[in-house]
Amino acid sequence: MRQKNFALALLTAAALAACGGTGSSGGDQSHPITFSQQVTFGDSLSDVGTYNVGAVKVAGGGKFTINGSETSKDPALTGLNWTEVLAAELRLPAPCAAQTGLEGTNNDANPAADFFVPIVNNANCFNYAQGGARVSNPIGPGNKVVKPELGEMTVPVKTQVATHLAKVGGKFSGTELVTIMAGGNDVLMQLATLSANATAAGNTAGQQAFATSLVSGLAAHNTTNPTGAAQAIGRAVQIEAARAGSTSTTIVQAAVGAAVGAGDTAVASPAVYGPIVATAQAAATTAGAQAGAQYAATNGPALVAELGKAGAELAAMVKTELVGKGAKYVIVNNLPDVASTPSGRSQAASTQELIKAMVNTFNAQLKAGLGESPNILYVDLYTVSNDQVNNPRSKEIYGLTNVTTKACGDINSLLCTTRNTIQGDVSHYMFADDIHPTPYEYWLVARYVLKDMAVKGWL
Amino acid sequence: MKVRLNSVVKMAVAAAALACASGASAQSAGQWTAKFGFNQLTPKVESGDLTAPALPFTKAAVDRDIQPVLIFAYGLTNNISAEVALGTPYKHKIKGAGSIAGTGELGTVEALPPTLFLQYRFFEPTATFRPYIGLGATYAYFMKERGSGKLTALTNPGGPATTFDIDNKFTYTGQVGLAVNLNERWFVDATVNKSRLRTDVHFSSGQNQHMKLDPVAVVLAVGYKF
């Protein structure tokens, strides 16, 4: 009996030792490094409301995502982009736009259509990122030169950095967390230029092919004097084509008129000249497409080289203007997989390949230029975004429900809110519009950046 | 928490009752021994992937811990004994692994693995070297699961602090050991215990993680026979 009591007492003691605060808890939530502030340079992916003025503000937009907090509907619908999630986790003040305004269509009478709001610089805001911003070229997509009705400032990253340095006396204190991400708009603008030029080249070639086919077709119908007819018709087409305001219809009219004048009255009947015109149109389409594709193929490599230059330029900026001026914690996000965005996927296969080459060259130059530095954290968003879109298993683990459909439909994400998304639950979609993430995808980006910060010893 | 504690108490009492019930039938051959030493508990972790929403292939590693132990054994016969250990909880650091390798310590947990062994001891009680084998019933009890700012950042950035709970498990443990009798009362003892332990971790941020822990315990102790 004595032993029994002894054993019981011991076992009870063991059980009692387990008493007192045995539950789980969050533990110490502080991070070892206390950053003094977050300073952000970049484009729409980091913009926290540069254009949240005028009509954009009236629409409830302002950020390049699904705008507006609707966390009661779904916790993922925060309306936040990655820089805001990062600041919240690091217990830094919510970032605000260093500059606001729009230079588009002025409409003071109707605020809902007013895209002209004077530019204001906010001295106490340190997020310089602007939608449409490029690495160093001041004209990005959305700029007043490209889209006069919208008139985004698209101040390039190079200028953003210079503005900040001027504001803080030329150097960083070393306790700021600096984030920088750009290059996407360089891809889009280069591509837009290429596309416009290729279309122009295609049109020119198409018009030539059309005229050539039309002249030879009509002349061949003149059995008595085809050579003379060809000269007359050719001259008429040339004159009409050179006339301002001429169209393919007026060119056909002039050509048929010349053919009749050369003695072939039968050709005046639509039943006769109709098929000849149709043949000419087919020839034009073929020649146009061929010329356009050829232009793109010939000039594509030049674009890839341009992006390589932009990547190297961004890297140099980080080293000399950020780290070189005292920044000790610089996060550099590389370019996500632009070819896998809805914008990229809507392009022809050859164009998608070109985008891939542009992005890869940009990232390679950026990474090589940055090198290894204790002050620079290079975050590989390309690999993550590529995996999310192209690996169904990964998509599921990331918690994404859709990686191809635009949550905002055809609305530009700058004007997209929780109230004008497409039907159904879009809270865990990857993309808000052609190129911009939803708040959920931004949250995944922030979490990935934090993971890399932890590995780097910054968290 | 009450539920858990109750189950531990019940288990402890049940274990005690079992020990005494067996003991009563072999009281005449009975001898109590106590040994004091150190136990190094090393989980042999095979981590499952953290479930959605997570970075694919997010895994965890668990560090070993060393704690003092007090072990009591009772001779049911000259060759068969029952053994139970008492000790302070093992505090394990949980670190990021897999795709989050290098993130460092994300949390800690304290574990108590009370085990009741039934052992077979070779040779005569007077022999100098007495190897033994044992099989035990183990209750793996996890408590004081502590997260960290880093854990929150990696699971729910910008959100409330992430907490986690590890399921307690009944399981079994195999044992091999060697007692070396120094004299009639004192002996030294080395033991290796290997448990089968598969459990699940539940995070407040919604994810789960299956963990194969299969800990190996190495105990070096000095003992005294009463």
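From a predicted model like this one, the values you see are computed outputs, not experimental measurements. (Residues numbered from 1 in each chain as written. Chains lettered and ligands numbered in written order. Predicted model: local features only at pLDDT ≥ 70, side-chain atom pairs only at ≥ 80, totals over all residues.)

This next bit is on the overall build of chain A. Regarding its fold elements, chain A presents 13 helices and 8 strands. Against the globule reference of 23 Å for 459 residues, chain A gives a C-alpha radius of gyration of 31 Å, more extended than a compact globule. Counting only C-alpha atoms, chain A reaches 135 × 65 × 50 Å along its principal axes. Looking at the 459 residues of chain A, the share that counts as buried comes to 51%. Summarising the internal contacts of chain A: among those between residues at least 6 apart in sequence, 71% fall at separations of at least 24. (Helix = DSSP H or I, 4+ residues; strand = E, 2+ residues; numbered from the N terminus. Rg over C-alpha atoms; globule rule 2.2 N^0.38 Å. Buried ≥ 20, exposed ≤ 12 C-beta atoms within 10 Å, placed from the backbone. Contact = placed C-beta atoms within 7 Å.)

With that settled, the discussion passes to the overall build of chain B. Check the secondary structure of chain B and you find 2 helices and 15 strands. Of all 226 residues assigned to chain B, the portion counted as buried reaches 43%. Counting contacts in chain B only where the partners sit at least 6 residues apart, residues at least 24 apart contribute 66% of the total.

Let us look at the environment of A:Asn333. Residue and element names in this part refer to chain A. Topologically, Asn333 is positioned in strand 5 (residues 329–333). Once the C-alpha coordinates of Asn333 and Thr179 are considered, the two residues, 154 residues apart in sequence, prove to be 7.8 Å apart. In contact with Asn333, other than residues within four places in its own chain, are Met181, Val379 and Leu381.

Attention now goes to the nonpolar core. Residues and elements named next belong to chain A. Counting residues in each nonpolar core, the largest one holds 141 residues, and the members touching the most others are Val318, Val330, Val332 and Val449. Take this core: its biggest share by element is 11 residues, from helix 13 (residues 439–456). Excluding anything up to four places from it in sequence, Val332 contacts Ile180, Val318, Leu370, Ile376, Leu377, Tyr378 and Val379. (Core = buried A, V, L, I, M, F, W, Y, C linked by C-beta atoms within 7 Å.)

Attention shifts here to unusual backbone geometry. Residue and element names in this part refer to chain B. Cis peptide bonds are those with omega within 30 degrees of zero, and the linkage from Ala52 to Pro53 qualifies with -5 degrees. Mapped onto the elements of the fold, Pro53 is located in the loop between strand 2 (46–47) and strand 3 (58–62). A positive phi angle is found at Phe123, which is not glycine, with a value near 65 degrees. With respect to the secondary-structure elements, Phe123 resides in the loop between strand 8 (115–121) and strand 9 (129–146). Residue class for Phe123 comes out partly exposed when judged on the 13 C-beta atoms lying within 10 Å of it. Even without being glycine, Asp214 reaches a positive phi, approximately 30 degrees. Within the element layout of this structure, Asp214 appears in the loop between strand 14 (208–212) and strand 15 (216–225).

With that settled, the discussion passes to helix 4 (residues 157–167) of chain A. Residue and element names in this part refer to chain A. Within helix 4, burial applies to Val157, Lys158, Gln160, Val161 and His164. The arc that holds every buried residue of helix 4, seen down its axis, measures 165 degrees, which confines them to one face. Each element contacted by the buried residues of helix 4 is listed here: strand 1 (38–42), strand 4 (177–181) and helix 8 (270–322). The positive-phi residue at the C-terminal boundary of helix 4 is Gly169, with phi of around 75 degrees. (Arc of directions from axis to C-beta.)

Bringing the pairing of strand 11 (residues 169–181) of chain B into the picture now. Residues and elements named next belong to chain B. Relative to strand 11, strand 9 runs antiparallel, the two sharing 12 bridges. Counted as the bridge partner of Gly136 is Thr173 from strand 11. Here strand 11 runs beside strand 12 (residues 186–195); their pairing, made up of 9 bridges, is antiparallel. Within the sheet, the bridge partner assigned to Asn181 lies in strand 12 and is Phe187. Linking strand 11 back to strand 12 in an antiparallel pair, the connection comprises 4 residues. (Pairing = 2+ DSSP bridges.)

A few words now on the sheet that holds strand 5 of chain A. All names here are of chain A. Read across the sheet, 4 strands follow the order 1-4-5-6 without closing on themselves; strand pairing throughout is parallel. The sheet terminates laterally at strand 1 and strand 6 (376–379), the two strands that pair on one side only. Sheet twist, expressed as the average angle between the axes of neighbouring strands with direction ignored, equals 15 degrees. Pairing of strand 1 with strand 4 involves 5 bridges; the strand directions are parallel. Residue pairing in the sheet places Val39 in a bridge with Val178 of strand 4. Strand contacts of helix 8: strand 4, strand 5 and strand 6, with the helix running at about 170 degrees to strand 5, the strand carrying the most contacts. (Axes fitted to C-alpha atoms, helices over the stretch in contact; angles between N-to-C directions.)

Before going further, it helps to spend a moment on the packing of helix 5 (residues 184–221) of chain A against helix 8 of chain A. All names here are of chain A. Direction vectors running N to C along helix 5 and helix 8 enclose 155 degrees, while the axes themselves pass 5 Å from each other. The angle between the axes of helix 5 and helix 8 places the two elements in the roughly antiparallel class. Of the two elements, helix 5 crosses helix 8, and the hand of that crossing is right-handed. Taken together, the residues of the contact of helix 5 with helix 8 sort by class into 24 nonpolar, 16 polar and 2 charged. (Parallel < 35°, antiparallel > 145°, perpendicular 65-115°, else oblique. Left-handed = near helix turned anticlockwise from the far one by under 90°. Nonpolar A, V, L, I, M, F, W, Y, C, P; charged D, E, K, R; others polar.)

With that settled, the discussion passes to the environment of A:Ser24. Examined against the element boundaries, A:Ser24 turns out to sit in the loop between helix 1 (2–17) and strand 1. A:Ser24 gets classed as buried once you count the C-beta atoms within 10 Å, which come to 22. Considered as a pair, A:Ser24 and A:Ile251 are 227 residues apart in the sequence and their alpha carbons are 83 Å apart. Every residue in contact with A:Ser24, bar those within four places of it in the chain, is listed here: B:Glu145, B:Thr163, B:Phe164 and B:Asp165.

Here we come to the environment of A:Ile331. Residue and element names in this part refer to chain A. On the secondary structure map, Ile331 appears in strand 5. Here Ile331 falls in the buried class, since 23 other C-beta atoms lie within 10 Å of it. Taking C-alpha positions, Ile331 is 6.1 Å from Val178, a pair spaced 153 residues apart along the chain.

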